[in-house]
Amino acid sequence: MTTDDDPFLAVRDGARHRALAELAARGPVHHLTLATGADAWVVTGYAEAKAVLTDPRVIREGASNSPYGEEMPAALYSALNSHMLTTDPPAHTRLRRLVSAAFTRRRVEGLAPRIERICADLLDGMAKTLEADGEADLIDAFAGPLPITVICELLGVPSESHAAVRGWAGPLLAGRFVGYEAYSRAAGEFVDFLHLLLADKRRQPVDDLLSALVEVRDGEDRLSEDELTSMVQLLLLAGHETTVNLIANGVKALLADPGQLALLRAEPDRLPAAVEELLRFDSPAQAPVPAITAEPIEVAGQRIPAGENIVIALLAVNRDPARFADPDVLDLTRDDGGHLAFGHGVHHCLGAPLARLEARIALGALLERFGDLALAVPADSLERLPSLIINRLVVLPVRRAG
Ligand code: HEM
């Protein structure tokens, strides 16, 4: 398999969906050698994915789901990786309960006015670029800065440090694609920064999520220092890049489909349903973190022995024709919801309400501000970043058609 037809790494826009559709046509589960060189069972069927994601025999602990586990100093590794995404119940249950007590619905919903303000400011900047240059990169101008600003403000990262956090997030997200040197430098600086910030919040708690996480307790139980730094890096990474892609992939899908775009402009109340369809149609995350089988399991009649890697191909699962009618068609009026873009089971996305809120406000504000937005390049010339986890456009050039 070349990179061009790799179901996770193909660069040309649409190529991953095409490669996965070919794979899925042969069955719901496949034994593949991934680009990393690791062998894995790749699940492409919707029903099978749901079954695997709720199977207690498919676990995270022991799977190689964090880069440079062998090379990194143990203390640094633990400061980054003691979070809920790579743990299983009961350890996972404890972490999720503690974090959920601080990351409340009230805290998320209270962010709406601030998200609206950030969107308005970013769109002002984008309007200026469009006027000066005739086009703008929607990711650089809007979809990129919005989620990092929101998550930093939610946590209580001071504004003068947002750029540094963005700088560290790049290598941490790129993982093995950036090399050990750059990864470990970013990790070390980021963890040092978090230790200082947490000490600050301890000295002087304020009304932000970091202070709440520092204070959160369940009886005698509380988050340890490593659990705090790990959780914050998870929130910053998981909560950032995926939302960038939801907005950018969503805008791209709408601009490439004038009929659906016109429908949404005519009926803006459809926005919440539109966000769900965009999550299904071009899912921001390609796969949950890898898991392994603790015991043999059977998926669609296929026996998978213990100790095998399992990868859920979310792009395929969300376009499984056995679950979604005409799955390759963007249809904002669809009523067969239930996509797995936020995962499923105990690890279902903790930040889904925030992601939905940001996407609704961002898409609504963008469409209202620019009644004539169009792609500045042919849709089929767009490219995706290589990443096993993220489904991200490199750039999304837009212009005003009027
Ligand atoms: C469109 C945006 C988003 C998408 C598509 C997305 C997707 C996902 C997926 C697929 C999972 C499951 C991963 C797995 O099973 O390995 C997950 C988990 C998680 N997400 Fe999100 N996410 C988004 C936004 C956010 C935001 C905004 C936050 C936080 C501010 C967040 C925080 C988390 C956390 C903490 C988990 C781990 C939950 C657990 O292990 O119990 N996500 N997300």
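As a starting point, this report considers the structure included with it. The model shown is predicted, which means the values in this text are computed figures rather than measured ones.

### Some details on the overall build of the protein chain
Okay, step 1: Per the secondary structure count, the protein chain includes 17 helices and 12 strands.
Okay, step 2: By its C-alpha atoms, the protein chain is 60 × 55 × 40 Å across when sized along the principal axes.
Okay, step 3: Looking at the protein chain as a whole, 53% of its 402 residues qualify as buried.
Okay, step 4: Contacts in the protein chain between residues far apart in sequence, at least 24 positions, make up 71% of those at least 6 positions apart.
Okay, step 5: Here the protein chain displays about 17400 Å² of accessible surface, and carbon together with sulfur accounts for 53% of that area.
Okay, step 6: Between the mean site of the 39 positive side-chain charges and the mean site of the 57 negative ones, the protein chain shows a separation of 3 Å.

### Thoughts on the site of the ligand
Okay, step 1: Around the ligand sit 28 residues, and of these Arg-60, His-92, Arg-96, His-347 and Cys-349 come closest.
Okay, step 2: At a separation of 2.6 Å, an oxygen atom of the ligand approaches a polar side-chain atom of His-92.
Okay, step 3: For the ligand, an oxygen atom lies 2.7 Å from a polar atom in the side chain of His-347.
Okay, step 4: Within the residue set of the shell around the ligand, elements represented by two or more residues are helix 4 (91-102), helix 12 (225-238), helix 13 (241-255) and helix 17 (352-369).
Okay, step 5: With 4 residues, helix 12 is the single largest residue contributor to the shell around the ligand.

### Some thoughts on the sheet that holds strand 1 (residues 29-33)
Okay, step 1: Spatially, 5 strands are ordered 1-2-10-7-3 in an open sheet, and the strand pairing comes out mixed. Pairing within the sheet leaves two strands with one partner each, and these edge strands are strand 1 and strand 3 (58-59).
Okay, step 2: Pairing of strand 1 with strand 2 (residues 39-43) involves 5 bridges; the strand directions are antiparallel. Following the sheet pairing, His-30 is matched in strand 2 by Val-42.
Okay, step 3: Against the sheet, helix 2 (residues 46-53) makes contact with strand 2, strand 3 and strand 10 (309-312), and its axis sits at roughly 130° relative to strand 10, the strand it touches most.

### Some points on the sheet that holds strand 12 (residues 397-400)
Okay, step 1: With antiparallel pairing, 3 strands are arranged side by side in an open sheet as 4-12-11. Only two strands of the sheet have a single neighbouring strand rather than two, namely strand 4 (136-137) and strand 11 (373-375).
Okay, step 2: Pairing geometry for strand 11 and strand 12, over 3 bridges, is antiparallel. Each residue of the ladder has a partner; that of Leu-375, found in strand 12, is Val-398.

### Things to note about helix 6 (residues 112-133)
Each full turn of the α-helix corresponds to 3.6 residues, which orients residues three or four apart in the same direction.
Okay, step 1: Compared with an ideal rise of 1.5 Å per residue, which puts 22 residues at 32 Å, helix 6 spans 31 Å between its outermost C-alpha atoms and is within 8% of the ideal.
Okay, step 2: Within the sequence span of helix 6, burial applies to Ala-112, Ile-115, Ile-118, Cys-119, Leu-122, Leu-123, Met-126, Ala-127 and Leu-130.
Okay, step 3: Gly-134 lies just past helix 6 and shows a positive phi near 85°.

### Observations concerning unusual backbone geometry
Okay, step 1: Between Pro-89 and the following residue, Pro-90, the backbone shows a cis peptide bond with an omega angle of 5°.
Okay, step 2: Residue placement: Pro-90 occurs in the loop between helix 3 (74-81) and helix 4.
Okay, step 3: Of note in the backbone geometry, Ala-300 takes a positive phi value of approximately 50° without being a glycine.
Okay, step 4: Mapped onto the elements, Ala-300 comes out in the loop between strand 8 (297-299) and strand 9 (302-304).
Okay, step 5: Taking relative accessible area as the criterion, Ala-300 reaches 51% and is therefore assigned exposed.
Okay, step 6: A positive phi angle is found at Asp-326, which is not glycine, with a value near 40°.
Okay, step 7: Locating Asp-326 in the fold gives a position in the loop between helix 16 (314-317) and helix 17.

### Brief notes about the packing of aromatic side chains
Okay, step 1: Going through the model one piece at a time under the given rule, you end up with 5 aromatic pairs.
Okay, step 2: Ring geometry for Tyr-68 and Tyr-183: centres 5.1 Å apart, planes at 50°, overall tilted. In this pair, Tyr-68 is assigned in the loop between strand 3 and helix 3 and Tyr-183 in helix 10 (residues 180-203), connecting sequence segments 115 residues apart. Of the two residues examined, Tyr-68 and Tyr-183, each falls in the buried class.
Okay, step 3: Measuring from centroid to centroid gives 5.3 Å for Trp-168 and Phe-193, while their planes differ by 45°, and the two rings are tilted. Of this pair, Trp-168 sits in helix 9 (residues 162-174) while Phe-193 sits in helix 10; the two residues are 25 residues apart in sequence, bridging distant segments of the chain.
Okay, step 4: Here Trp-168 falls in the buried class, since its relative accessible area comes to 12%.
Okay, step 5: With a relative accessible area of 16%, Phe-193 lands in the buried category.
Okay, step 6: Here the aromatic residues Tyr-68, Tyr-180 and Tyr-183 are joined through ring pairs into a cluster of three or more.
Okay, step 7: For the cation-ring pair, Arg-323 lies above Phe-324, with the distance from its terminal atom to the ring centre recorded as 4.8 Å.

The rules behind the values
- Residues numbered from 1 in each chain as written.
- Predicted model: local features only at pLDDT ≥ 70, side-chain atom pairs only at ≥ 80, totals over all residues.
- Heavy atoms only, no water.
- Helix = DSSP H or I, 4+ residues; strand = E, 2+ residues; numbered from the N terminus.
- Buried < 20%, exposed > 50% of the residue type's maximum accessible area, 1.4 Å probe, protein only.
- Contact = heavy atoms within 4.5 Å.
- Areas by Shrake-Rupley, 256 points an atom, 1.4 Å probe, with all protein chains shown as cover.
- Lys, Arg positive; Asp, Glu negative; His and termini not counted.
- Charge placed at Lys NZ, Arg CZ, Asp CG, Glu CD.
- Near = heavy atom within 4 Å.
- Polar contact = N/O pair within 3.5 Å; in protein donor to acceptor, adjacent residues only side chain to side chain.
- Pairing = 2+ DSSP bridges.
- Axes fitted to C-alpha atoms, helices over the stretch in contact; angles between N-to-C directions.
- Expected span 1.5 Å × (residues − 1).
- Phe/Tyr/Trp six-rings, centres within 6.5 Å; stacked < 30°, edge-to-face > 60°.
- Lys NZ or Arg CZ within 6 Å of the ring centre and 35° of its normal.

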